[in-house]
Amino acid sequence: MDIVVLIKPTPDITKVKFDVEKGVVDRSSATLEINPFDLYAIEVAKRIKRLFGGTITSISMAPPHAEPALRDAIARGVDRAILLSDKRFAGADTLATSYTLAAAIRKLGHFDIILCGEKSVDGDTAHVGPEVAEFLGIPHISFVTRITSISRDTIVVEADFGDAYYEVELRLPALVALSRPVIFKEEFVEPSMPRVSDVLRAKRARVEVWNADALSDVANASRFGLAGSPTRVVKAYYALEKGRNARVVRGDEGVAAILNALRELGVVL
Amino acid sequence: MNWQGILVYAENYSGSINRASFELLGKARELIPKVGGDVYATVVTNKESVERHSKELVAFGADKVIVYTVEEMLLPNPVVHRVALINAISYAKPRLVLVPATPWGRSIAPRVAAAIGTGITADCLDVYIDENGDVVQVRPAFTGNIIAHIKTLTNPVMATVRPGVFPLPQPRYDRKGEVIVRDVSVPNADSVKVLGVSKKKAVKLSEAEVIVAIGRGVKSKEDVKLFEELAKALKAQLACSRPLVDMGWMERDRQVGFSGSIVKPKLYIALGISGAPQHIAGMKDSKYIIAVNIDQSAPIVKYSDLVVIGDIYDIAKKLLHALKSSQF
Ligand SMILES: Cc1cc2nc3c(=O)[nH]c(=O)nc-3n(C[C@H](O)[C@H](O)[C@H](O)COP(=O)(O)OP(=O)(O)OC[C@H]3O[C@@H](n4cnc5c(N)ncnc54)[C@H](O)[C@@H]3O)c2cc1C
């Protein structure tokens, strides 16, 4: 099976610094790593490959300094890593990002399944998977918590619709966006650290870099980057700065304080 | 007349309309004087429920209801809903399309946006019209660390909106509205087959009024019982931080946070939870937050209204004792 994994290099949000005044993210304050949700996509891809053979190709759109994240993907089992990187891709919102990723997948030629994480830790949208599927004209399913079965033509998954989990069968090729925790057949999927030998192998591996020209036969360049993005951030600010001014109490005094609060809030009479 | 009015996608894949859809109708009524045009609702439903659902949507604020009927079996099929929403947009030509930011809505709406080539903003906490008459969407990013205000340059403006951020309007069953029944053909509906419900949710934390949440301060699976008992005594839902789900001590439906449920209860009691940003993202909008922790420097302290420095076992037992004694 030809498996595509969409990987977003994202900053570790527990390390990244925020400019509280300007409401912007200091992107140089943390290195880029694989979006944690996408690690599950890599793990599931490996399990599918184990069953059917084939290759795993990862595609990422990111600045050049994202390269170590792609090497990490190779160390974790991706066969071929493609980095879409060009100033003309910069400033893309989800629509332009999905358009570009879809173009790159089209450029690859044949594929059987596309896997990605349910969302990214920086964009938080969960929109890119469905939009890529739309641009490719294939079915998709989001918020998948279990891969129940898979054949060369179909995949059966359990997906969270909101009110309940549903069992859904998709015809391949299809895009599957994974939640966590996720189960593959009967087994809980947990990303593991790559082995040292794999890390060393990945250091020497080739990361292919594609620029906008590389996609010129499959895409319209005016739909890349900021130019192709219909949404604009007009204002942003840091949301967590203002904490609450907690009253701090200790021990038995604490029990009394909680009981008081419960009464005041009407939780107990 | 093009790109006027507001279209609310009423989420109905199970036979009953998700309440978040009604919240969006309330918001649409509030915004419509500044946007102009009508408030539309669109719903996919089976034949038997057309009247019931249209009446409901009108009562909650729709002027016009665009209805698509399907066989019961196809009701939970996302392919059908995608085609219906695209059709409703091309019929109503609204300025703004609002969709509940449920997993279902966040799966359908972006496909529709890509299909019609318009911008979409995810998981909004607010939508307002600025002094230029532009629609502005307010949403969190960076795991809730940043709040961004976003404008869309294309029509229609599409947004998924987090359930529970707008109040549920009072339904008025004497309101009059128009019902428009439309047909669509759905090619490739069989590319996705929904085989049925495989598992019910253990709990819907997003609707809970009182939550008792436990974290890694709990030492073993058996100990969860003590906190379950406390939750019961407070008529609260028991919730947790992620490690407890990872260890298999709690069901995933009970996880609060960025990769779990976003909650906004009247009272959130965090027991032995440090307050990692991914956890804070899920509960910081709770009305009142109590944290119990042995460590006064834990980040959760900053986001709480009342902090008790102490052992969660000790505090839980004493609370239970007090709640059971005649005093209450
Ligand atoms: C992509 C991603 C998504 C994530 N999503 C989520 C999410 O949705 N929800 C979530 O919760 N986490 C999430 N996490 C994990 C998060 O980063 C933290 O690891 C997690 O929230 C920590 O849980 P905790 O507070 O229970 O544990 P800890 O951080 O270990 O904190 C335990 C706390 O308990 C206190 N304590 C210990 N013993 C006692 C005692 N006897 N009495 C009182 N206090 C005690 C300690 O002082 C400490 O503050 C996510 C992480 C990633 C990378």
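Residues numbered from 1 in each chain as written. Chains lettered and ligands numbered in written order. Predicted model: local features only at pLDDT ≥ 70, side-chain atom pairs only at ≥ 80, totals over all residues. Heavy atoms only, no water.

### Comments concerning the overall build of chain A
As a reminder of what qualifies: A run of H or I in DSSP counts as a helix once it spans at least four residues, and a run of E counts as a strand once it spans at least two, with each numbered from the N terminus. Per-residue accessibility, obtained with a 1.4 Å probe over protein chains only, is compared with the maximum for each type, and a residue is labelled buried under 20%, exposed over 50%, and partly exposed between these values. For accessible areas, the Shrake-Rupley method is used with a probe of radius 1.4 Å. Any residue's cover is judged against the shown protein chains and nothing else.
Within chain A, the secondary structure is distributed over 6 helices and 16 strands. By principal-axis analysis of the C-alpha atoms, chain A measures approximately 70 × 45 × 40 Å. Put simply, chain A has 269 residues, and 58% of those count as buried. About 11,300 Å² of surface is accessible on chain A, with carbon and sulfur atoms providing 52% of the total.

### Focus: the interface of chain A and chain B
How we decide: Note on definitions: a residue-residue contact is assigned when non-hydrogen atoms from the two residues lie within 4.5 Å. By definition, the buried area sums, over both parts, the 1.4 Å-probe accessible area that each loses when the two are put together. For this analysis, a salt bridge means a side-chain nitrogen from Lys or Arg found within 4 Å of a carboxyl oxygen belonging to Asp or Glu. Think of a polar contact as two N or O atoms within 3.5 Å of one another; within protein, one of them needs to be a possible hydrogen donor and the other a possible acceptor, and neighboring residues in sequence only count if both atoms come from side chains. Three residue categories are used. Nonpolar comprises Ala, Val, Leu, Ile, Met, Phe, Trp, Tyr, Cys and Pro, charged comprises Asp, Glu, Lys and Arg, and polar comprises the others, including Gly. Between any two strands, pairing holds if DSSP finds at least two bridges.
With 83 residues of chain A in contact, the opposing surface of chain B contributes 94 residues. Taking both sides of the interface into account, the surface hidden between chain A and chain B amounts to around 7,900 Å²; carbon and sulfur atoms contribute 59%. If you sort the residues of chain A by the area they bury against chain B, Tyr165, Leu240 and Arg244 of chain A come out on top, with a joint share of 11%. Our enumeration of links across chain A and chain B arrives at 10 salt bridges. Among the ionic pairs, Glu134 of chain A bridges to Arg111 of chain B, the shortest N-O distance being 2.7 Å. Between chain A and chain B we count 53 residue pairs in polar contact (both at pLDDT 80 or more) in total. Among the elements that line the side of chain A that touches chain B, the one with the most residues is helix H6 (residues 251–264) of chain A, at 10 residues. Here the residues of the side of chain A that touches chain B sort into 43 nonpolar, 19 polar and 21 charged. Pairing between strand E16 (residues 247–250) of chain A and strand E16 (residues 306–309) of chain B: 4 bridges, direction parallel. Pairing of Arg250 of chain A across the sheet is with Ile309 of chain B, part of E16 of chain B.

### Brief notes about the pattern of salt bridges
In this structure the tally under the stated criterion is 44 salt bridges over all chains. The residue Asp130 of chain B makes a salt bridge to Lys151 of chain B at a minimum N-O spacing of 2.8 Å. Of this pair, Asp130 of chain B sits in the loop between strand E6 (126–129) and strand E7 (135–141) while Lys151 of chain B sits in strand E8 (residues 146–152), and the two are 21 residues apart along the sequence. Taking the relative accessible area as the measure of exposure, Asp130 of chain B reaches 12% and is therefore buried. Through salt bridges with shared partners, one network takes in Glu43, Lys46, Arg47 and Glu187 of chain A.

### Brief notes about the packing of helix H5 (residues 224–233) of chain B against helix H8 (residues 312–324) of chain B
Residues and elements named next belong to chain B. What counts, and what does not: Every angle, taken between N-to-C directions, lies between 0 and 180 degrees, and every axis is a line fitted to C-alpha atoms, over only the stretch in contact when it is a helix. In this scheme, a crossing is called left-handed if the near helix is turned counterclockwise away from the far one by less than a right angle; it is called right-handed if the turn is clockwise.
Packing of H5 against H8 leaves a shortest axis separation of 10 Å and a crossing angle of 35°. Crossing of H5 against H8: the hand is left-handed. Between H5 and H8, the residues in contact are Leu226, Phe227, Glu229, Leu230 and Ala233 and Ile312, Tyr313, Ala316, Lys317, Leu319, Leu320, Leu323 and Lys324, respectively. A breakdown of the residues in the contact of H5 with H8 according to their chemical character gives 10 nonpolar, no polar and 3 charged.

### As for H6 of chain A
Defined as follows: Multiplying one less than the number of residues by 1.5 Å gives the expected span of a helix.
Across its 14 residues, H6 of chain A extends 20 Å between first and last C-alpha, which sits within 8% of the 20 Å expected from 1.5 Å per residue. Within the span of H6 of chain A, buried status applies to Gly254, Val255, Ala257, Ile258, Leu259, Ala261 and Leu262 of chain A. Tucked into the core, H6 of chain A has its buried residues touching E16 of chain A together with strand E14 (267–271), strand E15 (288–293), E16 and H8 of chain B. After H6 of chain A finishes, the residue Gly266 of chain A shows a positive phi value of roughly 75°.

### Focus on the side chain of Thr42 of chain B
Residue and element names in this part refer to chain B. Here Thr42 lies in strand E2 (residues 39–45). A distance of 3.0 Å separates a polar atom in the side chain of Thr42 from the backbone oxygen of Ile66. Every residue in contact with Thr42, bar those within four places of it in the chain, is listed here: Leu7, Val8, Tyr9, Ala10, Ile66, Tyr68, Leu85 and Ala88.

### Some points on the side chain of Asp130 of chain B
Side-chain polar atoms of Asp130 of chain B contact the backbone nitrogen of Asn132 of chain B, separated by 3.0 Å. Residue contacts for Asp130 of chain B: discarding those within four places in its chain leaves Val136 and Lys151 of chain B.

### Concerning empty space enclosed by the protein
Quick note on the threshold: Definitions used for this entry: grid spacing 1 Å over protein atoms alone; cavity, a set of points where a 1.4 Å probe fits but cannot get out; pocket, an open set with protein on both sides within 12 Å along at least 5 of 7 lines; lining residue, one with an atom within 4 Å of a point. Grid points are joined across faces, edges and corners, and a volume is the space filled by probe spheres set on the points.
Using the criterion set out here, one finds 1 cavity of 30 Å³ or more in the structure. Estimates place the volume of the largest cavity at around 60 Å³. Lining the largest cavity are Ile141, Ser142, Phe143, Asp160 and Phe161 of chain A together with Pro78, Pro103, Trp104 and Ser107 of chain B. Listed by contribution, the elements that provide at least two residues to the lining of the largest cavity are strand E9 (140–150) of chain A together with helix H4 (103–116) of chain B. Looking at the lining of the largest cavity residue by residue, the classes come out as 6 nonpolar, 2 polar and 1 charged.

### Comments concerning the packing of helix H3 (residues 94–108) of chain A against helix H4 (residues 128–136) of chain A
Residue and element names in this part refer to chain A. To be explicit about the condition: Every angle not falling under 35 degrees, over 145, or within 65 to 115 is termed oblique; those three ranges are roughly parallel, roughly antiparallel and roughly perpendicular.
Orientation of H3 relative to H4, taken along the N-to-C sense of each, is 50°, at an axis distance of 8 Å. By the angle between their axes, H3 is oblique relative to H4. In terms of crossing hand, the pair formed by H3 and H4 is right-handed. Contact residues: H3 offers Thr94, Leu95, Ser98, Tyr99, Leu101, Ala102, Ile105 and Arg106, while H4 offers Val128, Glu131, Val132, Phe135 and Leu136. A class-by-class count of the residues in the contact of H3 with H4 yields 9 nonpolar, 2 polar and 2 charged.

### Section: the site of the ligand
Our working rule: Near residues are defined by distance, with any heavy atom within 4 Å of the molecule or strand qualifying the residue.
Neighbouring the ligand are 28 residues; Ser241, Ser274, Gln278, Asn293 and Asp311 of chain B lie closest to it. Neighbouring residues of the ligand are not confined to one chain but are distributed across chains A and B. Here an oxygen atom of the ligand sits 3.0 Å away from a polar atom, N or O, in the main chain of Phe258 of chain B. The backbone of Ile294 of chain B places a nitrogen or oxygen atom 3.2 Å from a nitrogen atom of the ligand.

### Considering unusual backbone geometry
Residues and elements named next belong to chain A. Cis peptide bonds are those with omega within 30 degrees of zero, and the linkage from Leu172 to Pro173 qualifies with 0°. In this structure, Pro173 sits in the loop between strand E11 (164–171) and strand E12 (174–184). In this structure, the amide linkage connecting Arg180 to the following residue, Pro181, adopts the cis form with an omega of -10°.

### Some thoughts on the environment of Thr14 of chain A
Structurally, the position occupied by Thr14 of chain A is in the loop between strand E2 (9–11) and strand E3 (17–19). Residue Thr14 of chain A is classed as partly exposed on the basis of its relative accessible area, which comes to 46%. Along the chain, Thr14 of chain A and Ala30 of chain A lie 16 residues apart, while their C-alpha atoms are 9.1 Å from each other. Sequence-distant contacts of Thr14 of chain A, that is, excluding residues within four places in its chain, are made with Pro277 and Gln278 of chain B. Polar side-chain contacts of Thr14 of chain A include one of 2.6 Å to the side chain of Asp12 of chain A.

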